[in-house]
Amino acid sequence: MRKSLQGILVAGLMTIGLGTLAPNNTFAQSHIDWINPDIPHIEQRGFSLGMNIGLSDMWGDVGTYNIIDRYNNKIVKDDIFKNIRGMGGMYLRYSRVPGVAFRWGINYGEVYASDEWNYDQAMKAPTVRSDPYQRYLRNLDAKTSIWETNLMFEFAPLRALSNWEFSRLAKMRFQPYILLGVSGFYFNPKGTFTNLDNKSETWVDLRPLRTEGQGFTREGSTYPSTYSVFSYAALGGVGVKWDLGRGMAIGVEYQLRYTFTDYLDDVSGKYINGVDAEIAFYNDASKKELNNRMRDKSREIIPGYEHTPGTLRGDNSNNDMFSTLSVTFMWKVRWRTIPWWRTYQ
């Protein structure tokens, strides 16, 4: 699933590369009354303020293997609001050339994934070794809060590569665009702790529990280092916007972040030896108990079952990703009634 999304991101980057090779039309010169409201809209130079809000998804180790099963399963359909999360924020946008802009934004939201989504496919799996069954048996989930800041380059080819004064493509109010950038973010993964007596659930922070032995030191055993809650990502996206006038626009955009951490869902490596966890938390009974329950939740599916230490809990060959599908609103702080390239004649 993550490789498929990576392919989409690469395809977007190739599109940008091909677009920059296209020839630029020369500026046509003509005296036009740009104050006339009947003149088709063209983007003007200046700053804009924007807002975005929408749905967010996590593409990591926890969850389904393919995209279709992520949404097409009984668990999600039966309680859609429990299984979706959102993200929103604001951004500052600057455009100097029509169709080309830079954006700086801040976002906050949550992403969520659950192995329970594999239930449908697990019940139809030919063997217990099948991927959906093993994911369902793993029985992990993760709700991760994210604070993000990003810097993006926005490119609208129909407007940027057309004649700005006469081309119909440049004057269309409906404009598709491509996004490319980087982001830095803070994240905090949590998992559900189930009270086996009354079946109540509470969210607990996963990083302090070191569920895969992060930071453990024991002779003869090798464990990963404690992961940072700060990371960064390569960002790509596509969108469309509709200009309501020279000063406002609405749109829809999809952004995908390929992060440089594999712990967005607190899952990456192998199951650990419970004895090592008891030694690490010998002076903290609460954390020792939580680690014991949260590092391997398969026993909640099959009572008494526990994975052999050293078997795979996740896949550390691919980093995690997260995405957003958002509605955007943009307002130009100050717009010009005369095209900026005419002011230098």
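Each chain has its residues counted from 1, following the order in which its sequence is written. Thresholds applied to this predicted model are a pLDDT of at least 70 for local features of residues and 80 or more for the giving and counting of side-chain atom pairs; totals over whole chains, interfaces and linings are not thresholded and use all residues. Values shown for side chains rest on all heavy atoms present in the structure; no hydrogens or waters enter the calculation.

*Asks:* Would you take a moment to explain the nonpolar core for this structure?
*Replies:* Note on soluble globular proteins: their nonpolar side chains tend to be buried together. Residues enter a nonpolar core if they are buried and are Ala, Val, Leu, Ile, Met, Phe, Trp, Tyr or Cys, with the set joined through side-chain atoms within 4.5 Å. Throughout this description, buried means an accessible area under 20% of the type-specific maximum (1.4 Å probe, protein chains only), exposed means over 50%, and partly exposed covers the range between. One finds Met 58, Ile 146, Phe 185, Phe 187, Leu 264 and Phe 322 to be the most contacted residues of the largest nonpolar core, which totals 19 residues. Only strand E3 (100-114), strand E4 (141-155) and strand E5 (174-194) provide two or more residues apiece to this core. Here the element with the most residues in this core is E3; it accounts for three residues. It only takes one pair of heavy atoms within 4.5 Å for two residues to be counted as in contact. Discounting residues that sit within four places of it in the chain, Met 58 has contacts with Val 111, Tyr 112, Ala 113, Ala 142, Thr 144, Leu 264, Asp 265, Met 321 and Phe 322. In terms of nonpolar packing, the next biggest core, distinct from the first, is built from six residues, Phe 193, Leu 206, Leu 290 and Met 294 among them. Helix and strand labels come from DSSP, where a helix needs a run of H or I of at least four residues and a strand needs a run of E of at least two; each type is numbered from the N terminus.

*Asks:* Honestly, the pairing of E4 in this entry has me stumped. Any pointers?
*Replies:* Every other side chain in a regular strand lies on the same face of the sheet, so the side chains alternate between the two faces. Counted residue by residue, E4 has 11 buried out of 15 residues, so it is predominantly covered. Pairing between strands is defined by DSSP: at least two bridges between them are needed. Pairing analysis gives 15 bridges linking E3 to E4, with the strands arranged antiparallel. Counterpart to Trp 104 in the pairing with E4 is Leu 151. By the bridge criterion, 13 bridges tie E4 to E5 in an arrangement that is antiparallel. By the bridge assignment, Thr 149 is partnered in E5 with Gly 184.

*Asks:* What's the story with helix H9 (residues 285-294) in this structure? I'm lost.
*Replies:* The α-helix winds at 3.6 residues per turn, so residues separated by three or four positions along the chain end up facing the same way. Leu 290, Asn 291, Arg 293 and Met 294 are the residues of H9 that are buried. Down the axis of H9, the buried side of the element spans an arc of 165°, and every buried residue falls inside it. Contacts made by the buried residues of H9 are with E5, strand E6 (201-205) and helix H8 (274-280). In this context, the arc is that of the directions from the helix axis out to the C-beta atoms.

*Asks:* Any chance you could explain the packing of aromatic side chains here in plain terms?
*Replies:* To describe a pair of aromatic rings, one takes the distance between the centres and the angle between the planes. What counts as a ring pair is set by centres within 6.5 Å for rings of Phe, Tyr and Trp (its six-membered ring), and what kind of pair is set by the plane angle: stacked under 30 degrees, edge-to-face over 60, tilted for all other angles. A full pass over the atoms with the stated rule returns 17 aromatic pairs. Here Tyr 112 and Trp 203 contribute two aromatic rings whose centre-to-centre distance is 6.3 Å and whose plane-to-plane angle is 85°, an arrangement assigned as edge-to-face. One end of the pair, Tyr 112, is in strand E3; the other, Trp 203, is in strand E6, and 91 residues separate them in sequence. With a centroid separation of 5.5 Å and 75° between ring planes, the pair formed by Phe 185 and Phe 322 is classed as edge-to-face. Taken together, the residues Phe 185 in strand E5 and Phe 322 in strand E9 (residues 321-332) connect sequence positions 137 residues apart. Judged by relative accessible area, which is 3%, Phe 185 ranks as buried. Aromatic ring contacts, followed pair by pair, group Phe 185, Phe 187, Tyr 227, Tyr 263 and Phe 322 into a single cluster. Cation over ring: Arg 85 sits above Tyr 112, and NZ or CZ is 4.5 Å from the ring centre. Across from the ring centre of Tyr 227, 5.8 Å away, lies the NZ or CZ of Arg 207, which sits over that ring. Charge-over-ring placement is defined geometrically: NZ (Lys) or CZ (Arg) within 6 Å of the ring centre, and within 35 degrees of the ring normal.

*Asks:* Would you mind showing me how to read the layout of surface pockets here?
*Replies:* Grid points spaced at 1 Å over the protein atoms alone were grouped into cavities, where a 1.4 Å probe fits but cannot get out, and pockets, open sets with protein on both sides within 12 Å along at least five of seven lines, with lining residues defined by an atom within 4 Å of a point. Grid points are joined across faces, edges and corners, and a volume is the space filled by probe spheres set on the points. Here the second largest pocket is characterised by a volume of approximately 410 Å³. Lining the second largest pocket are 19 residues, with Glu 116, Asn 139, Thr 192, Thr 194 and Glu 201 sitting closest to its centre. Elements with a minimum of two residues in the lining of the second largest pocket: E3, E5 and E6. Note on residue categories: nonpolar means Ala, Val, Leu, Ile, Met, Phe, Trp, Tyr, Cys or Pro, charged means Asp, Glu, Lys or Arg, and polar means any other residue, Gly included. By residue class, the composition of the lining of the second largest pocket is six nonpolar, four polar and nine charged.

*Asks:* Whenever I open this one, the environment of Arg 299 confuses me. Can you help?
*Replies:* Examined against the element boundaries, Arg 299 turns out to sit in the loop between H9 and E9. For Arg 299 and Asn 139, which are 160 residues apart along the polypeptide, the C-alpha to C-alpha distance reads 8.9 Å. Dropping the residues within four chain positions of it, Arg 299 is found in contact with Asn 292, Gly 304, Tyr 305 and Glu 306. Polar contact is the term for a pair of N or O atoms within 3.5 Å; when the atoms are in protein, one must be able to donate a hydrogen and the other to accept it, and sequence-neighboring residues count only if both atoms are side-chain atoms. Among the polar contacts made by the side chain of Arg 299, one reaches the main-chain carbonyl oxygen of Asn 292 at a distance of 3.3 Å. Of the polar contacts made by the side chain of Arg 299, one reaches the backbone oxygen of Asp 296; its length is 3.3 Å.

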